[in-house]
Amino acid sequence: MKKGIVLFLLIWICLGIQALDVSADVIFEPENIFYKRHAKECEYANRTFTVNGYGGETELYKSPLSDKVLAVMKNNEEHYISYIYTDEKGNMWGLVEDVEGGEGWVPMAYMYSSYGGSSFLKEYQFQIKKEKGIIEVDSSETIYSWAYPGSGDPLIVRMEGNPLSYDRVFTDEQGLKWAHVNYYHYGSYTYWVCMDDPSNLNLPIREVDNSIPDPPKAIDRVNGGFTVSVWVVAGLTAVLVIVTGCLIWGIYGKGGDHE
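Residues numbered from 1 in each chain as written. Predicted model: local features only at pLDDT ≥ 70, side-chain atom pairs only at ≥ 80, totals over all residues. Heavy atoms only, no water.

What follows is about the pattern of salt bridges. Under the defined criterion, the tally for this structure stands at 6 salt bridges. Between E31 and K36 there is a salt bridge, with its nearest N and O atoms 2.7 Å apart. In terms of burial, E31 and K36 fall into one category: exposed. We note a salt bridge from K89 to D220, for which the minimum N-O separation is 3.1 Å. One end of the pair, K89, is in the loop between β4 (78-86) and β5 (92-99); the other, D220, is in strand β14 (residues 218-220), with 131 residues separating them in the sequence. (Salt bridge = Lys/Arg side-chain N within 4 Å of Asp/Glu carboxyl O. Buried < 20%, exposed > 50% of the residue type's maximum accessible area, 1.4 Å probe, protein only. Helix = DSSP H or I, 4+ residues; strand = E, 2+ residues; numbered from the N terminus.)

Laid out in structure tokens, this is it:
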């Protein structure tokens, strides 16, 4: 009986450890209805983007196929986008989950992301090698971390002598090796450490394109309509009101003068 209990406990512990290992790689999926229906057509983004709408703002829709506007987002606001869906006409839509009162989809033509760690990983994906290892850290040594190799504005890594675990390695144009470090402490984030010269504050800065693109006036949507800025709609509405007012005045105003 005791052997059976011990065996059961061992099996339970093993399954628990396995579950923990698997959970580390799990990507939590949103409850959004459109996403659930089109999950296989969505790409994981997990990045923060900045609003860059035509006329100073852009709209958040219930879905890429819906005309229902849930919110209006102002330019220069930053929003987290978890997944990106591409419709049949090639328009990319981002799922925004941090708006007040819910979540929705925004045309990516009106969003941009400044160059950062995710941009570097995508641009140099074929030059970055998967390689696991540990960087030994001396408690008296100053170690600098970078958003990506050559990013500028480094931060000091304070690990009290604890080693740094990395999962990828990149060799830059100067031949310096960089380690991609995953750091977990009240959340998780990643950074790069120059393995060959970790205490050098003046490493070469990489030139990147951080220009903000000009947003289009409108995009051709799958449902046959056009998505345009609220500012444009408001302007057209104002013009229509003025023209209508002039016509009314022309008809009734002039008629009153003849009486």
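The discussion continues.
So, on to the environment of M111. Relative to the assigned elements, M111 resides in strand β7 (residues 111-112). Expressed as a C-alpha distance, the spacing of M111 and E77, which sit 34 residues apart in the sequence, is 9.7 Å. Residue contacts for M111: discarding those within four places in its chain leaves F49, T50, V51, N52, M73, H79, I81 and V106. (Contact = heavy atoms within 4.5 Å.)

Overall, the predicted model of the protein chain reaches an average pLDDT of 80, with 71% of residues at or above 70. Low confidence marks residues 6-26, where pLDDT is under 50. Its contacts with residues over four positions away, or in another chain, come to 0 contacts. Long-range and interchain partners of residues 184-188, a stretch whose pLDDT sits below 50, account for 1 contact in this model, where long-range means more than four residues apart. (pLDDT = per-residue confidence, 0-100.)

One non-glycine residue with positive phi stands out, namely N46, at about 55 degrees. Along the chain, N46 turns up in strand β1 (residues 42-51). Relative accessible area serves as the criterion here: at 39%, N46 is assigned to the partly exposed category. One non-glycine residue, N76, lies in the positive phi region at around 80 degrees. Structurally, the position occupied by N76 is in the loop between β3 (69-74) and β4. The class of N76 is exposed, set by a relative accessible area of 63%.

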